[in-house]
Amino acid sequence: MRNRILITAAMMAAGALCALPALAYDGQTCKAPGNCWEPKPGFPEKVAGTKYDPKHDPKEVGKQAESIRLMEERNRKRIENAKKTGKFEYDVSKISAN
């Protein structure tokens with residue numbers, strides 16, 4: 001009985017020691033709920049216009065927007081077809097135009 005109590009106490013102490021670092025970490029300082037981004041020391045608060053700005057090419061961003069639009073159109077066709085026929089067909093070229 002005494003060994004069981006000692007083992008339980010040792011396990012609780014080990015658990016408390018493992019949890020102690022997690023209790024010490026208070027997270028990030030957030031400006032608002034969900035807005036917790038902070039720049040690293042030496043980085044600017046706003047990245048646009050600095051040497052860290054990735055300067056995305058508008059053509060490339062437009063390509064991505066176009067591919068997303070086309071993907072949503074294909075998904076719309078798949079769902080319409082599935083509602084009509086009761087079967088889901090992944091290949092949009094196999095869906096009849098009826």
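What counts and how
Residues numbered from 1 in each chain as written. Predicted model: local features only at pLDDT ≥ 70, side-chain atom pairs only at ≥ 80, totals over all residues. Heavy atoms only, no water. Helix = DSSP H or I, 4+ residues; strand = E, 2+ residues; numbered from the N terminus. Buried < 20%, exposed > 50% of the residue type's maximum accessible area, 1.4 Å probe, protein only. Areas by Shrake-Rupley, 256 points an atom, 1.4 Å probe, with all protein chains shown as cover. Phe/Tyr/Trp six-rings, centres within 6.5 Å; stacked < 30°, edge-to-face > 60°. Lys NZ or Arg CZ within 6 Å of the ring centre and 35° of its normal. Salt bridge = Lys/Arg side-chain N within 4 Å of Asp/Glu carboxyl O. Patch = residues over 30% accessible without salt bridge, like charges linked within 9 Å, V, L, I, M, F, W, Y side chains within 5 Å. Expected span 1.5 Å × (residues − 1).

- As annotated in an unreviewed UniProt entry, the protein chain carries the name Methanol dehydrogenase [cytochrome c] subunit 2 and comes from Methylobacterium pseudosasicola.

## Remarks on the overall build of the protein chain
Then, number 1: Check the secondary structure of the protein chain and you find 2 helices and 0 strands.
Then, number 2: Counting only residues that meet the buried cut, the protein chain has 5% of its 98 residues in that class.
Then, number 3: Of the accessible surface of the protein chain, which amounts to about 9,100 Å², a share of 61% is contributed by carbon and sulfur atoms.

## Description of the packing of aromatic side chains
The description of two aromatic rings rests on the distance between their centres and on the angle between their planes.
Then, number 1: If you walk through the whole model with that rule in mind, you get 0 aromatic pairs.
Then, number 2: Lying over the aromatic face of Tyr90, Arg78 brings its terminal NZ or CZ to 4.4 Å of the ring centre.

## Quick look at the pattern of salt bridges
Then, number 1: Under the defined criterion, the tally for this structure stands at 4 salt bridges.
Then, number 2: Two residues, Arg69 and Glu66, come together in a salt bridge whose shortest N-O distance is 2.7 Å. Of the two residues, Arg69 and Glu66 both sit in helix H2 (residues 58-85), 3 residues apart, roughly one turn of that helix.
Then, number 3: The exposure class assigned to Glu66 is partly exposed, which follows from its relative accessible area of 35%.
Then, number 4: Linked through salt bridges whose partners overlap, the residues forming this network are Glu73, Arg76 and Glu80.

## Quick notes on a nonpolar patch on the surface
Then, number 1: A surface patch of nonpolar side chains, about 390 Å² in accessible area, is lined by Trp37, Phe43, Val47 and Tyr52.
Then, number 2: Mapped onto the elements, Phe43 comes out in the loop between helix H1 (2-24) and H2.

## A word on unusual backbone geometry
Then, number 1: Of note, Lys55 is a non-glycine position whose phi angle comes to about 50 degrees, a positive value.
Then, number 2: As for its position among the elements, Lys55 is in the loop between H1 and H2.

## Some thoughts on H2
Then, number 1: Taking 1.5 Å of rise per residue, the 28 residues of H2 would be expected to cover 40 Å, and the 41 Å separating its terminal C-alpha atoms lies within 8% of that figure.
Then, number 2: Turning to H2, its buried residues number three or more, namely Arg78, Asn81 and Ala82.
Then, number 3: Gly86 occupies a position one or two residues after H2 and carries a positive phi of about 85 degrees.

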